[in-house]
Every structure is written in C-alpha cells, then in structure tokens.
Amino acid sequence: MPDLLLELFSEEIPARMQAKAADDLRRMVTDKLVAEGLVYEGAKAFATPRRLALTVHGIPVRQPDLKTERRGPKIGAPDAAVQGFLKATGLTSLDEAKIQRDPKGDFYIALIEKPGRDAIDVLAEILPVIIRTFPWPKSMRWGARSGKPGSLSWVRPLHAITATFGLETEEPDVVKFSVDGIEAGQTTYGHRFMAPSAISVRRFEDYEAKLKAAKVILDPQARKDIIFADAKELAFAQGFELVEDQVLLDEVSGLVEWPVVMMGSFEAEYLAIPDEVIRATIRNNQKCFVVKDPKTGKLTNKFVLTANIEATDGGKVIVAGNERVIRPRLSDAKFFYETDLKTKLEDRLPKFEQIVFHEKLGTQAARIKRIERLAAEIAPLVGADVAKAKRAAHLAKADLLTEVVGEFPEVQGLMGRYYAKAQGEDDSVAAACEEHYKPQGPADRVPTDPVSVAVALADKIDTLVGFWAINEKPTGSKDPYALRRAALGVIRLIAENRLRMSLASALRQSLLLHHRTFSLKEADSINSDLANESFPQGEAFVDFSANVLEFFRKSVWERCVPETARSLAGAIAKRFNDGGDAPFTEMYEWARAAQTVSFAMTKIRIDEIILDERPEVLREMIVDAENFALSFHGSTLEDLLAFFADRLKVQLREQGARHDLVDAVFALGDQDDLLMIVRRVEALGKFLDSDDGKNLLAGTKRASNILSIEEKKDKRTFDGAPDAALYSLSEEKALAKAIGEVKAEASAAVAKEDFAAAMSAMAKLRPPVDAFFDKVRVNDDDPKVRENRLKLLNEIRSATRAVADFSKIQD
Amino acid sequence: MDASLPAHMRPERSFQGFILALQRFWAEQGCVILQPYDMEMGAGTFHPATTLRALGPKPWNAAYVQPSRRPKDGRYGENPNRMQHYYQFQVIMKPSPPNLQELYLKSLAAIGIDSAVHDIRFVEDDWESPTLGAWGLGWECWCDGMEVSQFTYFQQVAGFECAPVAGELTYGLERLAMYVQGVDRVYDLNFNGREGDAKVTYGDVFLQAEQEYSRHNFEYADTAMLFEQFKMAEAACRKYLDAGWREGGNRKQHLLALPAYDQCIKASHVFNLLDARGVISVTERQSYIFRVRELAKACGEAWIHTEAGGAA
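Residues numbered from 1 in each chain as written. Chains lettered and ligands numbered in written order. Predicted model: local features only at pLDDT ≥ 70, side-chain atom pairs only at ≥ 80, totals over all residues. Heavy atoms only, no water.

Student: When you look at the interface of chain A and chain B in this model, what are you seeing that I'm missing?
Tutor: The accessible area lost on association of the parts is a frequent measure of interface size. The interface of chain A with chain B comprises 39 residues on the first partner and 38 residues on the second. The largest share of the area that chain A buries against chain B comes from A:Arg141, A:Phe193 and A:Arg324, three residues that together contribute 21% of it. Linking chain A to chain B there are 6 salt bridges. Here A:Lys138 and B:Asp126 are joined by a salt bridge, their closest N and O atoms 2.8 Å apart. Across the chain A-chain B interface, the total number found is 24 residue pairs in polar contact (both at pLDDT 80 or more). Only α1 (15–35), α7 (275–286), β16 (299–307) and α8 (316–341) of chain A provide two or more residues apiece to the side of chain A that touches chain B. Broken down by element, the side of chain A that touches chain B gets its largest block of residues, 7 residues, from α8(A). (Contact = heavy atoms within 4.5 Å. Buried area = accessible area lost by both parts, 1.4 Å probe. Salt bridge = Lys/Arg side-chain N within 4 Å of Asp/Glu carboxyl O. Polar contact = N/O pair within 3.5 Å; in protein donor to acceptor, adjacent residues only side chain to side chain. Helix = DSSP H or I, 4+ residues; strand = E, 2+ residues; numbered from the N terminus.)

Below you can see the structure in the form of structure tokens.
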C-alpha cells in the first residue's frame, strides 16, 4: 500500500514548539485519514528548526465504497412524494428501487452506492485544511498576501510544501493542492548554509537520506543523541564529566539541523562564583552545557556549545566568539555576586517595606514578620531551636533583593544559603534559607533539618492561610498562587518527618498573624486620615465613624490600637472645639467615637496594670480577644482544613493507599493531626490484609447491614448499652464481654497511638462475632430480646470506630 | 564585502565605514536611506518611518541609523558595552519580501561576517512594545552565541493590524562593530578607520557624553520640569489629534498626524528620564506606559486617515 510524505518548510520554528507541532501534525493527518475510512499502518512525524515532516505508510489506494439504504414513500404515495424521493436519491425511476415490506406497509427502498474516492484526492482535500487550522501556540502573517483578509497564518513564514503519495516500487505522485499560493510539490532545501540548494525528493526513505547528505538530521532524537554523545565524549577526553541537562538538550536540538559540538573555556578566576550561578549564566544566556571535574564534583572552566555548521576553519572562530560572549556574562555574574557579598542579608530587609507581596496581604516585610513569628511557634513542635528558626525566617527571603537572584530567579534560596554562610550564620540557618522553599513538587526533596522544617511550614502556612482569608482559593485548573503545591508541601513535611503537630492550631496562629496585618493596614489608613484631617465632614462622617468603631472592635487586642486611639482622641477634642455648627448626626457620631476611644484607652491602661500584677489574667483575656478576632474570618480555618483533608486524600491515594480506607479514617471526624491519619490508614491497610481483618470486616458489615434494615423497619436507631440481664445465649454473653474488653484495649492502644496494637485488639472480636452470627438469631420473637441483640450489634460497630469507620470500607 | 574599499573605509576597521556599508547594502535593495529622526527616542522603532509607515497598505522600504536613548542604561562610561546613548540601524520593508532572511544574511556578509565560519542562528524572540501598542514575531539573530540583531514581522502597531505585514531588522551597531573589529570595550572602537594620530575612537566621540548624561539622567534631570513636560506633551498630542480631523464627503481625513506623533515620542522619552531618576513608583509606571500607549494608538488611527497612511 502507498505511503504519504509531507513536509512543511518554513523559516525558523521556535525550539520549544517543535515537538508538539510534529505530534499535532501526525495526530491531525491520521485522525482525518481514519475518519475518511483510510486506515493506515503507521505514521511518524519529525521536526527541525526549519521543517515539520510526516510519513504515513500503508494507506489504502482508495476509500472503501459505501453502500447505504434509504427508505422512501409507501407504495401508492402521492406523486410529489415519489418525485422528491427520486430526486434525493438520484434514481431515474421507481424501477430501480427495491420494495420492503414491514408491518406499516410496503415501502420503496433506494440502494445508494457511494464509490470510494482515491486516497490521493482525499489527501488533496484534507491537507490544506489541516495546514490552515494548525494549532500553533502563536502564529503570524507575512508578505504581500497579508494585506488581504484570509491569508495563511503560520508560526513563521512558510516557504514550501512537499507532498507525495505512492508505492515504494513506483514513482510517487504529488498530492495536488496549494495553500496561500504555495503549490505542493516535491522540492525541499538542505542546510541553510552548507547545502542551501533545492533537492527533489520522492518518498520518505530518499527524503531522509537526501536531507542527511544535505547536512540536515531530520529526527530530533538523532540530533539529541549526537549532541549528548559528542558532548560527553568531549568532556571525557579531557578527564571531565558533562553536567547532563535534559531540558537544555531538548532546546539545543531544536536550534540546529546539523549539530556540531565543540568545547570552549573561560578564565579559571570565574570559578570563584558559585557553580549554580555559572551554570545559570552559561545555560540561560548561551544555551551551553557546563562541565565538572569528577574528582571534586565542582565545575571546571569549560563549556560545551552546539553549533549549526561545520565551519571551514574547523570552528576556531565560533569557539572564540562564544568565549567572547560568555566572558562578559561571567564577569557580570561575578560582579553581581561580589557586590551581593558586600551587603548583609538583614541590611536588605528595610526595602521589603516598599514591596507589596499582595495588595490585600500587605508588604513582603509584613509577610516576613508573620513567618518569623509563626516559625517561632512551630519550632518547639518540630524539635527546632526557636532562636535559629526565627533567625532563618528573618533572613530567608532577603536574597530576593540580591543582584544575582534578580538576574537568575531560579537560584533564589540557594543564593540565600551562600550569602548566609558567607556572613557567618549557623549552618542550619543558612540551609533553611534554601530549604524553606522545599518541597516544590511531588518529586522534590523534603527537608529534614528541624530549622528548615519550621520555616518551610511557616512559609507555606502563611501563604495558604493568607489567600484563604482573602478568599483567593484555587478553582478547577486555576491555581495562580500554587496553593495546592503549598498544601502538599505541608503534608509531606509533616508526614515524611513523622511530625506530631496540630495543623489546626498552626493555621489558627497564622490567621491571627494575618489578622494583625489587616488591622495594621486599617490602622495606617485611619491614622493617616486622622493626621491629615482628611476624614469626611457632615453626614458622610457617619460611615467613616462606623469604620473606625468597627476597627476598634476587631483589633482592640492589638498593639496597633494605642496610637490610633490617641490620634482619634486628639481629633475628637479638636472637632468639638471647632465644630460648633456641625450637623447633629456628625457630632453624635463623634461622641460615640469618643466613648469607644475612652474604652480603648482605659483598656490599654488596665492591660498594662494587669500585665504587671497578674499576667495570667491578661493571657486569658488575650485568648478571648483572639477568639473574637477569629470570629471575623467566618469558616476560613474549617475550609482550609477541609482542603488539607482533600489534598491528603489525593496524596495517600497517589502513594497507593486505598481511597476507601482513607475515607474510613476521615469519617471519624476531627482529624487534624496529619501524621495520625497517615498512620491509621497504614495500620488499617495492614490489618485488612490479614484473615482476621477480612473476617472482622465481614462480621462488622453483616452487623451493619442487619442494623440498617431493622432501623429502617422500626424507624429508630438502636443506640445505647444493651441490658446484660436479657442475654440468654452463651454466644451473646461472650460477644458482649469481648466487646467490652476490646473497646478498652483498643482505646488504650489508640491513646498510646499504637494503631497496630489497636488492630490486634480488634482481631480478638472476630471469633465471638463469627460465633454470634452462627448461633444467635437476631430477630428473636421477643421484641425486648430482639432490641437488645440489635443494640449489641450496634456495639460492634461502635467498638470498631476506635480505629476507623468500617462501613466506608469496600469489600 | 567590497574589495575596492580603501582600508580606512572597511567595515572591520572603521565604525563609520561599517555604517556606510550597511547603508549601501540596503540602498541597493531599493530602500530609501533616511537620516536619523530629529528627536530623542528609545529605539529606532519609534521613528515615524517605522511606527507610522508600518501602518496602511502602501509599500515602504527604508533604512536609517537612529541614535537611541535609554536613560536607565547609563553607566557613567564605566561599563564596556552598556550606554545610555547608542546607535541602532533600522531596516523596514513593507510588505516583507519573501527573501528577507537571505537579504539579512547578505547584509552580514557585506559587513564582514562570513556565514561559512560563523555560526548564525535565528532564535525565537517575540517582540512587544507596550508603549507603542505593538507586537510581532521573529527572532534574535545570533552570531557565535552573541545577539547581533532583532528580526521582526510586525503584526500590530499602535493597536492596528498590519496589512500587509512589514519586516523589521534592527542591528545593534556598536555591538556588531565591536565583534567585527575584535575589541572588548565599546570606547575602543575605531571610529574613522585611521591609525596613529589620525585615529578617532568611539570613546573620543562619546565617552564624555556618556559620563555627563549619566549624571544628568540619574542625578540632575529636573524632575519637576519633566513631570510638567510629560503633561504638556500629552496635552499637545491630544490637542493636535483633535484639531486634525476633517470630514470631507463620506470619508474622514487627518491633517496633523505627524506633529501629534512627535508629542507622543516626546512623552515617551520624558517618561524614560523620569523612570531613570527613580521618581516613578511601580504602580505609577504602568499608568504612564498606558498613557503613552493611548497616545500612540490615537496617532496610529490619525495616520491611517492620511494620504501616506493609505486613506487617499
């Protein structure tokens, strides 16, 4: 069967678009072929910077003929209906129609045969449509034709189309079509510089070979293999090792049709710059690989470039040219790095006062303060030194303001670590500057140093709580602040470090810190209004006053109040002195404001006294005030906890845990200790793999089923303790006894967080449960006995709830 | 390269010879060789010969040198290749000819860059000018890993679709000349191609200017005056735009598009100076860019109602 060769030859296609474009071309052409009844044997697509190519082999020469039947009017129908039928089906008379009998009568049937078309004609029809509708991420118009509407859009100007179709043994035919004035033919071109002449091609095999002779390697994988092998070889020959970089390799292979790999070098003095910065400089700006010394693991002063030509001078000029470009780049990087080292990280922090993190969540400075305080709260829970955690949180974001990070955002954190180390910070503090961003994704490493863990948790929780508080949650595929990733990060930090901490209380702390930011922001704006006397006059003052009072209500426990209260008191005094003719409502509001202020001032004074005399009283009052503050944030914390539960479920499932076991544990409710949830699910999974587990589950389910049937029947539940006096059979007594024992044992084990022991305790229920169902008839004729036995069944269910809700578990 | 040139006129010896070689090459391709526009601007694209002429149906082929002022890039003459004033060589061809890439490569050959020994590459670079309301697709052109030119197919300018599309080439002259002359510091470029006492370097011509303008741009530029100038240029631009419309028969015409656009160029440069002085906050910055873009769009609209803009 014949093959199709298609090539779309254009100006340089962006490297990042090539792979997907090749894939799209293959998919679009083959889908369309199949839709046209042309089932092919195989297809492969390729891309170079200047061409997309596709070969589809084993396409039938013709479409199959299509036979369809069409039912017409009844025999004896009016002439108009018959004429319409003939016209629609192309029959010349009713003699050509069949007659079909069915219960409703006899009908004319037309047999329509649609002969299949030649595949080459089908191709000539579908290919231009595919070219015109090709899904480039960005496309453009060009040339004289772009002056008229409807001109072709392509990723860059399209110059030639090759489209041939035919058998291996014969001279193939050109698929005749044209797009925007470009006629499909069988002429393509070789390498832009080394073999630019036209080449006539017949089919894929000679196409690929002729291109190769014209210095074009068609297959991107082949180009990658060449670059990778040659680069490794070049490094190895000098006793070095290539620093492998798949992403860069993909990109570089999309920038050349004929890869020529060469090695250049730079002055060894630049090796004083951190390796990661050298690599970022050389990779991002110059698309070159770096090379390391296998003995030290450090970079050497070499780089590997990939040119697109075999230069007539052997590449000397090219290597020298690249070295000339890399030198000033490294010189800049070195200058940035050395400049950065001259300023201590903490001295950069004041600048964060001017940088807004998020309009509603305040400045970066406010955010850093919150993270510092939260990290200090979390530190003892994760075994970190409080002072170190605070210090690390204090410095961790400072590298964002350094020159190197400004130039290469991907080394943020890492530079913080270098700079912290350089200014003599503690090792853990320096490490946390880098590691507090981790884990960045499911594959990223989870930090283990407690200082890093504390700051990483504080950073992520601050982000999550903040965006939840201003109601910017992820929806569907939209998650612009990467909140799902942050939540997964928190989960992994806790689970993989086996940390015991209440997530709910950490979230609560964080929300209080955010509340403080909100209050301070409001206080700032109120204070500046008061200072400028720019508050509204007359009736409009009512709203202003209401805002001020609301502010006092919300933030009376905060330290931002005294200053505001004092300036408000000043404003009130002034207003009463000059405002003789002000309207009644305004003066009334001023009076109300005065009352609130006097309350606030008194409270501040009293707080100071209590703090001196009875600090524990003040602490209790602060707790009240905190609860009051949190009441302004609705269900933020509950919603966020539910979000964590969802992410945890996803995470556990992705790790292979059964989703029903996860549900069974979550159904217990009030689970905010992530580690306990994980351990329960693990223990439950193991238990259910054992025979005891399986049988107990079966018994529990049987009990649940009977209960739910009888509960429905009686329209009541069977809660409450069974009456021991009503037990008549030994199996009943044995079960009751076992339940009592198991409940106690399991609860004790759960209290010790020994879920394996709790499960073993559960296993003891199995024999009495089995024996009970064997020997005891639940629906006894005596209603009292029946009720009692149902209550006993209910006890089985409640006993198992010590570890999980068994009813959620599937068989 | 023209072998008959005397040594001091050769592009690899002389900065001015280099410019002349480019001008001559593009003149031979049918471009009109313009002189620089007589206003301060951030890039050759701002020249009305590009911004405005890119709009409308009429063919247009031009090439010119444009001094480009980027106040923020001043380094007091201390950086080897960063300056607040440098030259761009700009080519615009509308509609873009089918062999524009080949012409570009030939132009490199004309200034001494041989594609048999140099690695020349077209690397994706989508161009966008927020102040001009313009965008296009194309590449940055690399020579041995160094970006030497921008190559853009204009798709939209001043908020209007380009029909037909113009091809635009921008050569960074100093950088290319440094490469061709083999010097690492821009001030060491041989300007006139002479040697010994007769030699004039780029530094002789521009170093003092770089130092003085860096002081001006970062320290002394009168911000109160500049804020005022921005407002005045914006107001004048609006005024000329409003005054220029004529309703004649069933079509609208504009009679003052070019003078109005001058004020848009002025506003843009004043904004760049204010930005360099650090007196524009991040949020204000966006709003200034928006204001200039609105002017550019209105000028573009006026232009397409002029004769050269294709209205007649």
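So much for the structure itself; the text now carries on.
Student: Sorry, what's going on with helix α15 (residues 450–469) of chain A here?
Tutor: Each full turn of the α-helix corresponds to 3.6 residues, which orients residues three or four apart in the same direction. Residues and elements named next belong to chain A. Helix length check: α15, at 20 residues, gives a terminal C-alpha distance of 28 Å against a target of 28 Å (1.5 Å per residue), a fit within 8%. Between a side-chain oxygen at the N-terminus of α15 and the backbone nitrogen of Val451 the separation is 2.8 Å; the capping residue is Asp449. Immediately beyond the C-terminal end of α15, within one or two residues, lies Asn471, with a positive phi of roughly 60 degrees. (Expected span 1.5 Å × (residues − 1).)

Student: How do you make sense of the domain arrangement of chain B when you look at a structure like this?
Tutor: Residue and element names in this part refer to chain B. Its domain assignment divides chain B into domain 1 (7–217) and domain 2 (223–303). A separation of 25 Å is found between the C-alpha centroids of domain 1 and domain 2. Contacts between domain 1 and domain 2 engage 22 residues on the former and 21 residues on the latter. For the domain 1 and domain 2 pair, buried surface summed over both sides reaches about 2,100 Å², with 71% attributable to carbon and sulfur atoms. Linking domain 1 with domain 2 are 1 salt bridge. Among the salt bridges present, the one from Asp275 reaches Lys72, with a minimum N-O distance of 3.4 Å. Joining domain 1 to domain 2, the criterion identifies 8 residue pairs in polar contact (both at pLDDT 80 or more). Looking at the side of domain 1 that touches domain 2, the elements that each hand over two or more residues are α2 (48–51) and α5 (202–220). Residues that form the side of domain 1 that touches domain 2 fall into these classes: 12 nonpolar, 6 polar and 4 charged. (Domains from an automatic or database assignment. Nonpolar A, V, L, I, M, F, W, Y, C, P; charged D, E, K, R; others polar.)

Student: Would you take a moment to explain the UniProt feature "domain: DALR anticodon binding" (unreviewed entry) in chain A for this structure?
Tutor: The residues that UniProt annotates with the feature "domain: DALR anticodon binding" (unreviewed entry) are residues 706–798 of chain A. As annotated, residues 706–798 of chain A has a helix share of 71% and a strand share of 0%, and its two end C-alpha atoms lie 15 Å apart. (UniProt positions renumbered as here; feature names shortened; annotations may be inferred.)

Student: Where do I start with the sheet that holds strand β13 (residues 241–242) of chain A in this structure?
Tutor: Within a beta sheet, neighbouring strands are joined by backbone hydrogen bonds and run either parallel or antiparallel to one another. All names here are of chain A. Strands sit in the order β13-β15-β16-β14 across an open sheet of 4 strands; the sheet is antiparallel. Of all strands in the sheet, those with a lone pairing partner are β13 and β14 (260–265), marking the two edges. Direction of pairing for β13 relative to strand β15 (residues 289–292): antiparallel, over a ladder of 2 bridges. Of the residues in β15, the one forming a bridge with Leu242 is Val291. Sheet strands in contact with helix α5 (residues 220–237) are β13, β14, β15 and β16, and its direction is about 35 degrees off that of β14. (Pairing = 2+ DSSP bridges. Axes fitted to C-alpha atoms, helices over the stretch in contact; angles between N-to-C directions.)

Student: Even after reading the chapter, I still don't get the side chain of B:Glu140, so can you show me in this structure?
Tutor: As for its position among the elements, B:Glu140 is in strand β6 (residues 134–143). Of the side chains with opposite charge, A:Lys287 comes closest to the buried, unpaired B:Glu140, at an N-O distance of 6.7 Å. Apart from residues no more than four positions distant in its own chain, B:Glu140 is found in contact with B:Arg121, B:Phe122, B:Val123, B:Asp125, B:Glu147, B:Ser149 and B:Gln150. (Buried < 20%, exposed > 50% of the residue type's maximum accessible area, 1.4 Å probe, protein only. Lys, Arg positive; Asp, Glu negative; His and termini not counted.)

Student: Quick question: what am I supposed to make of the pattern of salt bridges here?
Tutor: Between side chains of opposite charge, a pair can form when the charged atoms approach closely. Residue and element names in this part refer to chain A. Using the criterion set out here, one finds 78 salt bridges over all chains in the structure. In this structure, the salt-bridge partner of Asp462 is Arg370, at a minimum N-O distance of 2.7 Å. Remark: Arg370 occurs in helix α10 (residues 364–382) and Asp462 occurs in helix α15; sequence separation between them is 92 residues. Both residues of the pair, Asp462 and Arg370, belong to the buried class. Taken together, the salt bridges that share partners define one network made up of Arg367, Arg370, Lys397, Asp459 and Asp462.

Student: Any chance you could explain the side chain of A:Thr162 here in plain terms?
Tutor: Residue and element names in this part refer to chain A. With respect to the secondary-structure elements, Thr162 resides in strand β7 (residues 158–166). From its side chain, Thr162 meets the backbone oxygen of Thr187 in a polar contact 3.3 Å long. Those residues within four positions of Thr162 in sequence are excluded, and the remaining contacts are Leu5, Leu6, Glu7, Gly185, Gln186, Thr187, Thr188 and Val201.

Student: Would you mind going over the environment of A:Pro196 with me for this structure?
Tutor: Residues and elements named next belong to chain A. Structurally, Pro196 can be placed in the loop between β11 (187–189) and β12 (198–200). Pro196 gets classed as partly exposed once you look at its relative accessible area, which sits at 49%. Taking the C-alpha atoms as reference points, Pro196 and Gly656, 460 residues apart in sequence, are found 56 Å from one another. Aside from chain neighbours lying at most four places away, what touches Pro196 is Tyr189 and His191.

Student: I tried to follow the domain arrangement of chain A on my own but got confused; where do I start?
Tutor: Residues and elements named next belong to chain A. As assigned here, chain A comprises domain 1 (3–62 + 118–213), domain 2 (66–114), domain 3 (220–341), domain 4 (345–501), domain 5 (514–633) and domain 6 (667–808). With 12 residues of domain 4 at the interface, the matching set in domain 5 holds 5 residues. Summed over both sides, the interface of domain 4 with domain 5 buries roughly 650 Å², with 57% coming from carbon and sulfur. Of all residues in domain 4, Arg370, Arg373 and Ala469 give up the largest surface area on contact with domain 5, accounting jointly for 48% of the area buried on that side. Taken together, domain 4 and domain 5 are joined by 4 residue pairs in polar contact (both at pLDDT 80 or more). When residues of the side of domain 4 that touches domain 5 are traced back to their parent elements, those giving at least two are α10 and α15. A total of 4 residues in the side of domain 4 that touches domain 5 trace back to one element, the largest contributor, which is α15. Of the residues assigned to the side of domain 4 that touches domain 5, the class counts are 5 nonpolar, 2 polar and 5 charged.

Student: What exactly am I supposed to notice about the environment of A:Val446 here?
Tutor: Residues and elements named next belong to chain A. The topology assignment puts Val446 in the loop between α14 (427–435) and α15. Overall, the relative accessible area of 11% leaves Val446 in the buried class. Val446 sits 11 residues away from Glu435 along the chain, and the two C-alpha atoms are 8.3 Å apart. Not counting the four nearest positions on each side in its chain, Val446 is found in contact with Pro439, Arg492, Leu493, Glu496 and Asn497.

Student: Please explain the nonpolar core as it appears in this structure.
Tutor: Burial of nonpolar side chains together is a common tendency in soluble globular proteins. A:Leu457, B:Trp26 and B:Tyr171 are the most contacted members of the largest nonpolar core, which totals 243 residues. Sorting elements by how many residues they give to this core places α15(A) first, with 12 residues. Ranked by size, the runner-up nonpolar core spans 45 residues in total, among them B:Ala54, B:Ala158, B:Ala221 and B:Ala296. (Core = buried A, V, L, I, M, F, W, Y, C linked by side-chain atoms within 4.5 Å.)

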